[in-house]
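Commentary on secondary and tertiary structure
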Amino acid sequence: MLKQLGLHLAVLLLLNSASVFADDRAELQALLDEFLAGASVNDAAMHERFWSEDLVYTSSSGARYGKATILDGMGEAAAPDEESAVYTSDQVDIRILAEEIAIVTFRLVATSPEGAVDYYLNTGVFERSAGEWRASTWQATRVPK
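A short tour of the structure in this document, coming up. (Residues numbered from 1 in each chain as written. Predicted model: local features only at pLDDT ≥ 70, side-chain atom pairs only at ≥ 80, totals over all residues. Heavy atoms only, no water.)

**What to know about the overall build of the protein**
Heads up, the rule is: Only DSSP runs of H or I covering at least 4 residues are called helices, and only runs of E covering at least 2 are called strands; the numbering of each starts at the N terminus. Here the term buried applies to any residue with accessible area under 20% of the maximum for its type, exposed to any over 50%, and partly exposed to those in between, with areas from a 1.4 Å probe on protein chains only. Only heavy atoms matter for contacts: two residues are in contact if any of them lie within 4.5 Å across the pair. In this description, accessible areas are obtained by the Shrake-Rupley approach with a 1.4 Å probe, and a residue is regarded as covered only by the protein chains that are shown.
Within the protein one finds three helices and six strands. Starting at the N terminus and walking to the C terminus, you meet the elements of the protein as α-α-β-β-α-β-β-β-β. The buried share among the 145 residues of the protein stands at 28%. Taking the intrachain contacts of the protein between residues at least 6 apart in sequence as the baseline, contacts between residues at least 24 apart amount to 47%. For the protein, the computed accessible surface area is about 9,000 Å², with 58% contributed by carbon and sulfur atoms.

Take a look at the structure:
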């Protein structure tokens, strides 16, 4: 009887954690979509929200820097009528490794105002702190044409 009860509890815990992980995946997907929309209009507040304070960012050019450098390099937000690149994602894979750690990989699609498209393979490690997911490590690799 006790073994059966233990088995039922284990199954319930697994089902509950699968549900929690599904919620985390949806939350991370929404955060990624919101970030890319914000990046498309140079939204500094979105960058502030998305990146962790101790971010290690490795750019597609091989430069490595942190959140402060990203924020310092931001200009003003794009004017509503100003055309700028639009960033979206596809091939998104979200892996929850633990309750507070996730890895998000995706292909960034950068579409210029003229319609040219560039692709980047991105990998981000996210940590949940104070109830919010933030990217703490980022790697961007430009896909050759």
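**So, the nonpolar core**
Going by this rule: In this description, a nonpolar core means a group of buried Ala, Val, Leu, Ile, Met, Phe, Trp, Tyr and Cys residues linked to one another through side-chain atoms lying within 4.5 Å.
Of all hydrophobic cores here, the largest spans 25 residues; its most connected members are Phe-50, Trp-51, Phe-126 and Trp-138. Mapped by element, the contributors of at least two residues to this core are α1 (2-40), α2 (44-50), β1 (51-58), β3 (86-98), β4 (101-111), β5 (117-129) and β6 (132-142). With six residues, the top contributor of residues to this core is α1.

**Brief notes about unusual backbone geometry**
Backbone geometry at Gln-91 places phi at a positive 50°, although glycine is not the residue there. Position of Gln-91 relative to the elements: it lies in strand β3. Phi angles above zero are rare outside glycine, and Ala-130 is one such case at about 55°. Its location among the elements puts Ala-130 in the loop between β5 and β6.

**Describing the sheet that holds β6**
Inclusion rule: Two strands are said to pair when DSSP picks up at least two bridges between them.
Here we have six strands laid out as an open sheet, ordered β2-β1-β6-β5-β4-β3, and mixed in their pairing. The open sheet terminates on both sides in strands that have one partner only, identified here as β2 (64-65) and β3. The sheet contact formed by β1 and β2 spans two bridges and is antiparallel. Directly across from Tyr-57, in β2, lies its bridge partner Tyr-65.

**Some remarks on the side chain of Thr-58**
Secondary-structure assignment places Thr-58 in strand β1. Dropping the residues within four chain positions of it, Thr-58 is found in contact with Ala-63, Arg-64, Trp-138, Gln-139 and Ala-140.

**Quick word on the packing of aromatic side chains**
Rule in force here: Side-chain rings of Phe, Tyr and Trp (the six-membered ring for Trp) are treated as a pair once their centres are within 6.5 Å; stacked means planes under 30 degrees apart, edge-to-face means over 60, and tilted covers the remaining angles. Whether a charge lies above a ring is judged from NZ of Lys or CZ of Arg, which has to be within 6 Å of the ring centre and within 35 degrees of the ring normal.
Following the criterion strictly, the structure yields ten aromatic pairs and no others. When the centroid spacing of 5.1 Å and the interplanar angle of 90° are considered together, the rings of Trp-51 and Trp-138 count as edge-to-face. Residue Trp-51 is found in strand β1, and its partner Trp-138 is found in strand β6; the two are separated by 87 residues along the sequence. Given a relative accessible area of 3%, Trp-138 falls into the buried group. Ring pairing ties together the aromatic residues Phe-35, Phe-50, Trp-51, Tyr-57, Tyr-65, Phe-106, Phe-126 and Trp-138, which thus form one cluster. For Arg-107, the ring lying beneath its charged end belongs to Tyr-119, and the centroid distance is 4.0 Å.

**Here's the deal with the pattern of salt bridges**
Definition in use: What makes a salt bridge here is a side-chain nitrogen of Lys or Arg within 4 Å of a carboxyl oxygen of Asp or Glu, nothing more.
Per the stated rule, a full pass over the model turns up ten salt bridges. Of the charged contacts, one joins Glu-100 and Arg-128 as a salt bridge, the two residues approaching to 3.3 Å between their closest N and O atoms. Residue Glu-100 is found in the loop between β3 and β4, and its partner Arg-128 is found in strand β5; the two are separated by 28 residues along the sequence. Accessibility expressed as a relative area gives 18% for Arg-128, which makes it buried.

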